[in-house]
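Here is what each chain is made of, one letter per residue.
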Amino acid sequence: MKKTKLENWLFGFLFAVIFAAGNAWSAQDEINNSGFAWKDGAEIYAKVCAYCHEAQVGHEVQVGPQIRHRKLPITYIRTVVRNGNRAMPSFRSSEIDDESLEKLANFLSQK
Amino acid sequence: MTSQYIALPKGVSEETFDAAIHDFRKVLGDASVLTSAEQLAPYIKTMMPVSDAEHTPSAALLATTVEQIQKIVAICNQYKVPIWMISTGKNLGYGSAAPAERGQVVLDLKRMNRILEVDKDLAFALVEPGVTYQQLYDHIKEHKLGLWLSMPAPSAIAGPVGNTLDRGVGYTPYGEQFLFACGMEVVLANGEVLRTGMGSMPNSNTWQVFKWGYGPYLDGIFTQSNYGIVTKFGFWLMPEPPAFKPFVIQYQHEEDIVEIVETIRPLRISGVIPNAVVIAHALYEAPVKAKRSDYVSGPGSIPDEAVYRIMKDHKLGIWNVYAALYGTQEQIDVNWSIVTQAFSQSGKAKILTEQEAADDPAFVYRAKLMRGDMTLTEFSLYNWRGGGGSMWFAPVSQARGSETLKQMALTKQILAKHGLDYSGEFIVGMRDMHHIVDVLYDKTDPEQTKAAYQCFDELLTEFSARGYGTYRVNTAFMDKVAETYGPVQRNVHKTLKKALDPNGILAPGKSGIR
Ligand SMILES: Cc1cc2nc3c(=O)[nH]c(=O)nc-3n(C[C@H](O)[C@H](O)[C@H](O)COP(=O)(O)OP(=O)(O)OC[C@H]3O[C@@H](n4cnc5c(N)ncnc54)[C@H](O)[C@@H]3O)c2cc1C
């Protein structure tokens, strides 16, 4: 028992040291471009949905049902995207954020 | 009193968890700490035949920097709260984005998604965990870098970090992903940041070009493991070849797998065929072209007679060997004559190229996978049974004809006993095969779900009894598979765990390690 406590204490101590010293790499972390963000609903559709929900160029397979031009209610789209549905995987807000999902839903219902 | 959380970590009181969440919010901001049922819904759906409750997370944290992650592990150590790491979180058929154990906090790194470097000359990339193959593909195209990706079939929505850390496979000559990994940055449970290999040396510029560094090679212990949080990942990319020739070779009888493997192995080991070849059974390819319900109804596995009808109607072999040649046209011409000579000897093989098969949907998506183009066509597997149930059964086999036939027959027999179909393929390494079987079932049907669980359990038992080990498994069966590798390995894994993560805060249960 005693040993474990000591180990835990050492562990905590190490933290303090690491944070005080920073780490050799933090400077480099700052320099880079910011991460990826979706441009618009059309982009999300093309780069995620369409692979399954639209017949692909060159052959006729379509894995899932058509979702464009069906006037699917926004709440329905949001529910299916977030929860998934049977074969359809769920998509997290870290992948498609709420705002982008809204744009996607609008794109899907456009004529 | 009802809890404000949908689950709690094992052994952590609500009060303690509250305090941890409060601290997580201080580090990440409210919007990046998810705790409501609605916010966590996408982390709950899995394809496994167990109750979702067993894998329900208590929260999800959306971190974007190394510094945030260091602070998160400090909080986890303080409150003994376990986290489950995901990168792009599309581990479908292996547990998806849900944690191994109920109540773990998902550390979701999808938003940590910068492409840090792609070197055209040395053909390598350094990326953060949230980068998808699609993102990298677009980057390479946009900057005309002339490099090809090797990705798994869920390409566009998955990513190189998660796929390689789980030791996944792709279909180009770089298909065995971890062979082409080069350098990681890892946040350890004590908050230290390790760069593996040459990356440990300040100012080194060889991190992504030389794998081994100095002293014991460490990268391996961070794959299929819970010893650290990978925050940067380097890997090699294949220069786009001047010419590419995909082809498919079809055979008509299940026993022909022996001839196929005996013919392929020397070509693969010598590098005449350089890529991760796939030998796909008719039932793996059928969903791209056919509906199960058009051929069979009622319970039970599909009879052979129906499979033969599908083959005839949809121009499939019982085995379909997808492979490709890469290089200059001259190189391809030479290798093509070696390949065709080898496969023509018995008179059983039907060899098709783009000329004959350009309109065949199975060929088209396989060709895309072999040149690293985005496609999700393989998701049609889930239309076979419907209902969204799937587990990958993934035993390793020698690349020896007699062995592959044995494994196929045993798998098919056990699946049939439980009323399930053999949707299998072999992915050819040089000396090994990943025997990959999608155990498909209707998760909305409680009977089939129960059968799928029992079937999978029996597959693992029977295979390990014969010395056939599984290379990767879903979170519901990780302990069982860990057992099959024996007590000594388990002990070593545990010893490392204790040394690197004494409070057990990183993904307890991953690969059966706690
Ligand atoms: C139709 C279909 C076909 C498939 N075909 C293939 C295939 O060809 N090849 C193949 O390999 N798989 C295949 N899969 C399985 C799976 O979808 C892929 O392997 C996918 O790449 C894994 O998801 P991901 O890349 O998002 O990784 P993630 O889900 O992000 O990560 C996978 C695992 O790695 C660990 N991990 C992730 N990030 C970190 C980190 N930063 N630090 C420490 N540990 C971490 C975690 O344990 C996590 O569960 C297929 C699935 C489907 C549905």
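Since the model is a prediction, treat every value here as computed from it, not as a measurement.

Peer 1: Where do I start with the overall build of chain B in this structure?
Peer 2: Looking only at helices and strands, chain B features 16 helices and 19 strands. Radius of gyration (C-alpha) of chain B: 23 Å, near the 24 Å computed for a compact globule of 514 residues. Judged by the C-alpha coordinates and their principal axes, chain B covers about 70 × 55 × 45 Å. Put simply, chain B has 514 residues, and 64% of those count as buried. For chain B, long-range pairs separated by at least 24 residues make up 73% of all intrachain contacts whose partners lie at least 6 apart in sequence. Accessible surface computed for chain B: about 18,800 Å², of which carbon and sulfur atoms make up 53%. If the 49 positive side-chain charges of chain B are averaged to one point and the 55 negative ones to another, these points end up 2 Å apart.

Peer 1: Before we go on, may I ask you to explain the environment of Glu354 of chain B in this structure?
Peer 2: Residues and elements named next belong to chain B. Mapped onto the secondary structure, Glu354 falls in helix α10 (residues 354–357). With a relative accessible area of 39%, Glu354 lands in the partly exposed category. Sequence separation between Glu354 and Val81 is 273 residues; the distance between their C-alpha atoms is 54 Å. Ignoring sequence-local partners within four residues, the contact set of Glu354 consists of Pro246, Phe363 and Arg371.

Peer 1: What should I look at first to understand the site of the ligand in this one?
Peer 2: Residue and element names in this part refer to chain B. The environment of the ligand is made up of 32 residues, and the closest members are Ser87, Thr88, Lys90, Tyr171 and Tyr382. One nitrogen or oxygen atom from the main chain of Gly89 is found 2.8 Å from an oxygen atom belonging to the ligand. In the model, an oxygen atom of the ligand is placed 2.9 Å from a nitrogen or oxygen of the Asn163 side chain. Protein contacts shield 97% of the accessible area of the ligand, which totals 960 Å² for the unbound molecule. Going through the elements one at a time, β3 (83–86), α5 (160–165) and β10 (229–236) are the ones with two or more residues in the shell around the ligand. Of the residues that constitute the shell around the ligand, the class distribution is 18 nonpolar, nine polar and five charged.

Peer 1: Help me out: how do you make sense of the sheet that holds β3 of chain B in this one?
Peer 2: Strands belonging to one sheet form pairs held by backbone hydrogen bonds; the direction of such a pair is parallel or antiparallel. Residue and element names in this part refer to chain B. Here we have four strands laid out as an open sheet, ordered β1-β2-β4-β3, and mixed in their pairing. Looking at the sheet topology across the chains shown, the edges are occupied by β1 (33–34) and β3. Note that β3 and strand β4 (residues 105–108) share four bridges and pair parallel. Note that in β4 the partner of Ile86 across the bridge is Asp108. Here helix α1 (residues 14–28) sits on the sheet in contact with β1, β2 (59–62) and β4, set at roughly 20° to β2. Packed onto the sheet, helix α3 (residues 66–79) meets β2, β3 and β4 and runs at close to 155° relative to β3.

Peer 1: Help me understand the packing of helix α4 (residues 74–83) of chain A against helix α5 (residues 98–109) of chain A, please; the structure alone is not making it clear to me.
Peer 2: Pairs of packed helices are described in terms of their axes, by the angle between the two and the distance that separates them. Residues and elements named next belong to chain A. Orientation of α4 relative to α5, taken along the N-to-C sense of each, is 125°, at an axis distance of 10 Å. Comparing their axes, α5 and α4 come out oblique. The chirality of how α4 crosses α5 is right-handed. Across from Ile74, Ile77, Arg78, Val81 and Arg82 in α4, the residues of α5 making contact are Asp98, Leu101, Glu102, Ala105, Asn106 and Leu108. A class-by-class count of the residues in the contact of α4 with α5 yields six nonpolar, one polar and four charged.

Peer 1: Which parts of the structure should I look at to understand a nonpolar patch on the surface?
Peer 2: A cluster of nonpolar side chains, namely Leu122, Val209, Phe210 and Trp212 of chain B, defines an oily patch on the protein surface of about 380 Å² accessible area. Within the element layout of this structure, Trp212 of chain B appears in the loop between β9 (193–195) and β10.

Peer 1: Teacher, can you tell me more about the pattern of salt bridges here?
Peer 2: Two side chains bearing opposite charge may form a pair once their charged atoms approach each other closely. Residue and element names in this part refer to chain B. Counted according to the given criterion, the structure contains 36 salt bridges over all chains. The closest approach of N and O atoms between Arg195 and Glu185, which form a salt bridge, is 2.8 Å. Within this pair, whereas Arg195 is found in strand β9, its partner Glu185 is found in strand β8 (residues 181–187), the two being separated by ten residues in sequence. Accessibility assignment for this pair places Arg195 and Glu185 in one class, buried. The salt bridge involving Asp360 is made with Lys289; its shortest N-O contact spans 2.5 Å. Separated by 71 residues along the polypeptide, Asp360 in the loop between α10 and α11 (361–370) and Lys289 in the loop between α7 (282–285) and α8 (304–313) bring together distant segments of the chain. Across the pair, exposure class does not vary: Asp360 and Lys289 are buried alike. Shared partners join several salt bridges into a network, and the residues in it are Lys10, Glu101, Asp479, Glu483, Arg490 and Arg514.

Peer 1: When you look at the pairing of β10 of chain B in this model, what are you seeing that I'm missing?
Peer 2: Every regular strand shows the same layout, with side chains that alternate between the two sheet faces. Residues and elements named next belong to chain B. The buried fraction of β10 amounts to seven of the eight residues, a majority that puts the element mostly inside the structure. When β8 meets β10, the two strands line up antiparallel, connected through five bridges. Across the sheet, Val186 pairs through a bridge with Val230, a residue of β10.

Peer 1: I keep staring at the interface of chain A and chain B and nothing clicks. Help me out?
Peer 2: By a widely used convention, the size of an interface equals the accessible area lost when the partners come together. Residue-level contacts link 42 residues of chain A with 64 residues of chain B. Counting each side, the surface lost to burial between chain A and chain B is near 4,300 Å², with a carbon and sulfur contribution of 57%. Joining chain A to chain B, the criterion identifies three salt bridges. Across the pair Lys47 of chain A and Asp138 of chain B runs a salt bridge whose closest N-O atoms are separated by 2.8 Å. Breaking the side of chain A that touches chain B down by element, the ones donating at least two residues are α1 (2–21), α2 (26–31), α3 (41–53) and α4 of chain A. Here the side of chain A that touches chain B gets six residues from one element, more than from any other, and that element is α1 of chain A. Of the residues in the side of chain A that touches chain B, the class split is 16 nonpolar, 17 polar and nine charged.

Peer 1: Just checking my understanding: could you explain the UniProt feature "domain: FAD-binding PCMH-type" (unreviewed entry) in chain B for this structure?
Peer 2: The UniProt feature table records "domain: FAD-binding PCMH-type" (unreviewed entry) at residues 53–240 of chain B. Helix and strand shares over residues 53–240 of chain B are 16% and 23% respectively, and the end C-alpha atoms of the span are 46 Å apart.

Peer 1: Could you clarify how one ought to interpret α4 of chain A in this entry?
Peer 2: In an α-helix, one full turn covers 3.6 residues, which means residues spaced three or four apart are oriented alike. Residue and element names in this part refer to chain A. When α4 is considered as a whole, its buried residues turn out to be Ile77, Val80, Val81 and Arg82. Buried residues belonging to α4 abut α5. Residue Gly84 follows α4 closely and has a positive phi angle near 70°.

Conventions adopted
Residues numbered from 1 in each chain as written. Chains lettered and ligands numbered in written order. Predicted model: local features only at pLDDT ≥ 70, side-chain atom pairs only at ≥ 80, totals over all residues. Heavy atoms only, no water. Helix = DSSP H or I, 4+ residues; strand = E, 2+ residues; numbered from the N terminus. Rg over C-alpha atoms; globule rule 2.2 N^0.38 Å. Buried < 20%, exposed > 50% of the residue type's maximum accessible area, 1.4 Å probe, protein only. Contact = heavy atoms within 4.5 Å. Areas by Shrake-Rupley, 256 points an atom, 1.4 Å probe, with all protein chains shown as cover. Lys, Arg positive; Asp, Glu negative; His and termini not counted. Charge placed at Lys NZ, Arg CZ, Asp CG, Glu CD. Near = heavy atom within 4 Å. Polar contact = N/O pair within 3.5 Å; in protein donor to acceptor, adjacent residues only side chain to side chain. Nonpolar A, V, L, I, M, F, W, Y, C, P; charged D, E, K, R; others polar. Pairing = 2+ DSSP bridges. Axes fitted to C-alpha atoms, helices over the stretch in contact; angles between N-to-C directions. Parallel < 35°, antiparallel > 145°, perpendicular 65-115°, else oblique. Left-handed = near helix turned anticlockwise from the far one by under 90°. Patch = residues over 30% accessible without salt bridge, like charges linked within 9 Å, V, L, I, M, F, W, Y side chains within 5 Å. Salt bridge = Lys/Arg side-chain N within 4 Å of Asp/Glu carboxyl O. Buried area = accessible area lost by both parts, 1.4 Å probe. UniProt positions renumbered as here; feature names shortened; annotations may be inferred.

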